[in-house]
Amino acid sequence: MADRCPDGRYIATLFPTLINVRSVQSWEPIYVVRLPQDFIGPFLSFQWSPSSRLLLVASVDQIRVFSALDANYHAAIRNPVAPHLKPTYVDFGASDTEICVMASFGLKFAVFDLTSSKATEIGSPKFSSSTAVRRGFSFRPRSNHLALLTRTAGKDMISIHAFPSRELQRSWAPDTIDAQGLLWSPDGRWLVVWESPALGHKVVFYTPDGNLFKTWSGPVNPTHEEKDFALGAGVKTVQFSPDAHLLAIGDHSRSLSIVDMTSTMEVLRLRHPDSLVPKGTQQIWQERIGISHGPIMHTFIRASQAVSPPPRHHEAAEQLSGCATIAFDLSSNLIATRIEDFPSTVWIWDVQAAVLRAVLLFHGSISTLSWHPHVRETLLIRCEGDHYNSVVFVWDPLSEGPQSVDFSQQLSGFKAVGKWHASWLGLDASTPLFIFYSDTQNYVLASLADSDRDSLPWINPRNPQGGDGPSRAESPLELVPATADEADDADALQTGDDGDIVMEDTYGYKR
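Asker: Looking at this structure, I do not really get the side chain of Gln-62. What am I missing?
Answerer: As for its placement among the helices and strands, Gln-62 is situated in strand β7 (residues 62–67). Judged by its relative accessible area of 6%, Gln-62 is buried. A distance of 3.0 Å separates the side chain of Gln-62 from the backbone oxygen of Asp-38, its partner in a polar contact. One polar contact links Gln-62 to Arg-64, side chain to side chain, over a distance of 2.7 Å. Here Gln-62 is in contact with Asp-38, Phe-39, Val-57, Ile-77, Arg-78 and Pro-80, once residues within four sequence places are set aside.

Asker: Which parts of the structure should I look at to understand the pairing of strand β3 (residues 18–23)?
Answerer: Two faces, one strand: in a regular strand the side chains alternate between the faces of the sheet. With six of its six residues buried, β3 lies for the most part within the structure. Judged by which residues are buried, β3 turns out to be covered on both faces: Leu-18, Asn-20 and Arg-22 on one side and Ile-19, Val-21 and Ser-23 on the other are all buried. Of the pairings in the sheet, the one linking strand β2 (residues 10–14) to β3 comprises five bridges and is antiparallel in character. Within the sheet, the bridge partner assigned to Thr-13 lies in β3 and is Asn-20. Connecting β2 to the antiparallel partner β3 that follows it, the hairpin turn spans three residues. Note: β3 against strand β4 (residues 29–34), five bridges, orientation antiparallel. Note on β4: the bridge partner recorded for Asn-20 is Val-32. Once β3 ends, the chain turns through five residues before running back antiparallel as β4, passing Trp-27 with a positive phi of about 70 degrees.

Asker: Explanation requested: the sheet that holds strand β17 (residues 179–184) in the structure shown.
Answerer: Strand pairing in a sheet relies on backbone hydrogen bonds. The paired strands run either parallel or antiparallel. Pairing is antiparallel in the open sheet, where four strands are placed in the order β17-β18-β19-β20. Edge positions in the sheet fall to β17 and β20 (212–216), since each has one partner strand and no second. Ignoring strand direction, the axes of neighbouring strands in this sheet form an average angle of 20 degrees. With four bridges connecting them, strand β19 (residues 203–206) and β20 associate as antiparallel partners. Bridge pairing links Val-204 to Thr-215 in β20.

Asker: Teacher, can you tell me more about the pairing of strand β14 (residues 146–152) here?
Answerer: Most of β14 is tucked away, with five of its seven residues classed as buried. Two strands pair when backbone bridges link them, and strand β13 (residues 137–139) and β14 are joined in this way by three bridges, in the antiparallel orientation. In the strand pairing of β14, Phe-137 is matched with Leu-148. Here β13 folds back onto β14, and the loop between the two strands holds six residues, one of which, Arg-142, carries a positive phi near 75 degrees. The sheet contact formed by β14 and strand β15 (residues 155–161) spans seven bridges and is antiparallel. Note on β15: the bridge partner recorded for Thr-152 is Lys-155. With antiparallel pairing between neighbouring strands as the criterion, β14 and β15 make up a hairpin whose turn holds two residues, including Ala-153 at a positive phi of roughly 55 degrees.

Asker: Please explain the pattern of salt bridges as it appears in this structure.
Answerer: In total, this model carries 16 salt bridges according to the counting rule given. Here Arg-254 makes a salt bridge to Asp-274, at a shortest N to O gap of 3.7 Å. On the criterion of sequence distance, the pair formed by Arg-254 in the loop between β22 (246–251) and β23 (255–260) and Asp-274 in the loop between β24 (265–271) and β25 (283–290) is long-range, its members being 20 residues apart. With relative accessibility at 47%, the residue Asp-274 sits in the partly exposed group. Through salt bridges with shared partners, a single ionic network connects Lys-126, Arg-151, Asp-156 and Asp-178.

Rules used throughout
Just so you know, the residues in each chain are numbered from 1, in the order the chain's sequence is written. Since the coordinates come from a predicted model, pLDDT governs what is reported: local features require at least 70, and pairs of side-chain atoms require 80 or more to be given and counted, while whole-chain, interface and lining totals use all residues. Only heavy atoms go into the side-chain values, all of them from the structure, while hydrogens and water stay out. Each helix is a run of DSSP H or I of at least 4 residues and each strand a run of E of at least 2, with the numbering of both proceeding from the N terminus. Burial classes: relative accessible area under 20% of the type maximum marks a residue as buried, over 50% as exposed, and values in between as partly exposed (1.4 Å probe, protein chains only). Polar contact criterion, stated in full: a pair of N or O atoms within 3.5 Å, where within protein one must be able to donate a hydrogen and the other to accept it, and residues adjacent in sequence count only if both atoms are side-chain atoms. Should any heavy atoms of two residues lie within 4.5 Å, those residues are counted as being in contact. Strand pairing is assigned whenever DSSP identifies at least 2 bridges connecting the two strands. Angles shown run from 0 to 180 degrees and are taken between the N-to-C directions of axes, each axis being a line fitted to C-alpha atoms and, for helices, limited to the stretch in contact. Think of a salt bridge as a Lys or Arg side-chain nitrogen and an Asp or Glu carboxyl oxygen that are within 4 Å of each other.

Right under this line is the structure:
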């Protein structure tokens, strides 16, 4: 198990008995953390802190926090939830010294302060499952106040807790019957709560002190196709723009509402069409998959005539509808969306011009959309399906369609082992684009630089001029770097003394 830190400078690898921290710049292991003998897996969570200084490792009955650079820092939380239960969520809170834990079955939400060694427990959190827990609480930017949604005796309640004590400052019953989530705006000026889609279109805007300011009750000027919107299901997805000026609201129709947070009024309604006609500067890219004896090739052809996005298969177990994903780019000008009606299509909207900028048609369903955190208008896309094993796509407005990055060519057996993940490395905008890939036994860095090797953030110690493929292998059993010969001959897997298979910490990259 491996993960990169938020600022992209380090990569940590979790082994059964230790954590290895490696510098991206030098490729060298800079620190090794030995896990206590009584701290054994399976591990439920492995996370970096927001500041990229600390590492969190959680098992069923223990949570450990280690410094990535200082051997003198170590925190332990034992039995964070009730016996015989396991937490459904464990992660850092608003700061490095705060750990949030959600107990199974919604018994409690606990916040542990590592500085004071105190814990704050709040009963009856509304959402406790791993897929929904993040909808139930939100941290206010800058002040770090915690807003938590609870439900007692069939009634929703919102509570505001101060930082760092987490003492209750205020609580109130929101103007909802069955709230489905809450979210602070990026500037901390608004707390929004949205109602269950079964109860219609409703988003409630509260001030930070809990006063009701306004309620959004659906499209202001619905089109002819949407004249009966009140009879349909309500809010499905809510997302703020990074600059906090806009709020995107997706319901169970094919439309998306844009609210101007300056006036808290709807200013735009975007509808996903079922027929696409190329016009002007609008880009429509269709994927072509080439299967031969070698690797699967993914290419894109720009449509020159009208096309229709492929619909959801009718034999699907559950017929879904509405906007499932909304993602603003860094500039807050572009929005990438995915709707359940056309699950293999990415829609990219220009909010300022109120036009559909691009449509990307894939063969597989879209699983994740991620804009680069420091580079404007650069999107990372991942699809589901057998043809997309360890393959991601990168799109920007100036590219000739999405560009594929196939990590399987760098892996033993040319396929991922277990679940795999891909994300932006997180370096600043002055460097080229880098992607971090990991599965249960490997992790790889990919550089999207054209040809300038000096622009790479890492330096191969044995080949300063650069080069492809794995450059260094490290033995997790001996805790020392392997020799040059061993590194050249190292396999992706290493067998321990007891015959178990142990992940080899092999660091490679692909240009």
